[in-house]
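Structural features, examined
The chain contents come next:
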Amino acid sequence: MVRLPGTPDVNGDRTEVLMEVSCAFPTALRSPDDIALAEQLGYDRAWIYDTPQQSPDVWMTLALAAERTERIGLGPGVLVPSLRHPMVNASATAHLAALAPGRVAVSFGTGFSGRRAMGYRAIPWSHMRAYIRAYRGLLRGEVVEWEGVQMQMLHPDGHSPARPVDVPILIGALGPKGDEVARELGDGLYITLALPDFATAYPWVPYLAWGTVLDEDEPADSARVRAAGGPGWALAYHGAYEFGGPDAVRGLVGGPEWMDVVEKAPQELRHLSVHVGHCVELNEADRAAWDAGGHAMLPDVTLSGTRDEIRRRVGDLGERGVTEIVFQPCGPDTRRELERFLEAARV
């Protein structure tokens, strides 16, 4: 936990606010060990991604992490409904809850890398609403309708915890449609890329961020900073392309150079050029943008800066409704990144 001053009341006094400090990892074979390290260092929760086009299975990885840890919270952040039948996700959730009682939370999103990296668009919010209703009903032990038929979790004793299986459900919402679904069916928001104004209305708001803690006078374009902060920085280009198109990318520093690389690929394959290395390392287009001066955006699009600068920005996020800062380390030295960020956030 990090202690932050709250918003002043009518008398001008500030009530102390507690913010959880958590971490996230792009799901990899080493993720269970990384999560065990995060628990050792004192992180509150670990989230991993559901990105089958570049990752091992999210549920298998979380199960291994549960066996190697005792305290840290665990969860997928985020599940994409179209990747699995609601019964599959409900059964996997129940299994993880049995392995890590009281430590599991689940988040759902419409699909950024989990869908767009395979060439699909995001799922509609109407589908998300129907999916979460079915998923919640299954975990409660109810008979639910999905795809025109009736179904229920039928697990005998020893095959799953007894229903109901109660786990918090967070929704990755950035706009009004997502806000509506989250208010109806969610226990909080799971946010990345942008922080919506309506975040202050929710009691639990994890905010996923990338970046690196810079040493005093460390240049922002050093090889270490590029490896540790670059993958998060590159999301500015990936997101601009997916949500705003080529013109949005060309408006960024280094954007024309980024687009020059992406447009070498045929139109039907460009999503592969965009998402290769996503959240892990810089791809060819990302490196071109970085070398063209795009690295100057690093402090603006990631949580990168000195210890004091990061601490101030975490405090600002708390005032805007964030209750849990979620840091994803990148680069070759995971321990260094986790230790330095935790030190900065908790000053």
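For the structure, see preceding data.
As the structure is a prediction and not an experimental result, all values here were calculated from the model. (Residues numbered from 1 in each chain as written. Predicted model: local features only at pLDDT ≥ 70, side-chain atom pairs only at ≥ 80, totals over all residues. Heavy atoms only, no water.)

1. Things to note about the pairing of strand E11 (residues 324-328)
A large share of E11 lies buried, amounting to five of its five residues. Residues Glu324, Val326 and Gln328 of E11 are buried on one face, and the alternating residues Ile325 and Phe327, pointing to the opposite face, are buried as well. Sheet analysis places strand E10 (residues 206-210) next to E11, joined by five bridges and oriented parallel. Looking at E11, one finds that Leu208 is bridged to Val326. (Buried < 20%, exposed > 50% of the residue type's maximum accessible area, 1.4 Å probe, protein only. Helix = DSSP H or I, 4+ residues; strand = E, 2+ residues; numbered from the N terminus. Pairing = 2+ DSSP bridges.)

2. Some words on a nonpolar patch on the surface
There is a patch of nonpolar side chains on the surface, built from Leu174, Leu193 and Phe243 and spanning about 300 Å² of accessible area. Relative to the assigned elements, Leu193 resides in the loop between strand E9 (188-189) and E10. Overall, the relative accessible area of 39% leaves Leu193 in the partly exposed class. (Patch = residues over 30% accessible without salt bridge, like charges linked within 9 Å, V, L, I, M, F, W, Y side chains within 5 Å. Areas by Shrake-Rupley, 256 points an atom, 1.4 Å probe, with all protein chains shown as cover. Salt bridge = Lys/Arg side-chain N within 4 Å of Asp/Glu carboxyl O.)

3. Regarding the state of the cysteines
Tallied over the entire structure, the rule returns zero disulfides. The thiol sulfur of Cys23 is not disulfide-bonded, and the nearest other cysteine sulfur, from Cys330, lies at 12 Å. What makes Cys23 buried here is its relative accessible area of 0%. Cys279 takes part in no disulfide bond, and the closest cysteine sulfur, belonging to Cys330, lies 7.1 Å away. On the accessibility criterion, Cys279 (6% relative accessible area) is buried. (Disulfide = S-S within 2.5 Å.)

By themselves, these are just geometric observations and shouldn't be taken as functional.
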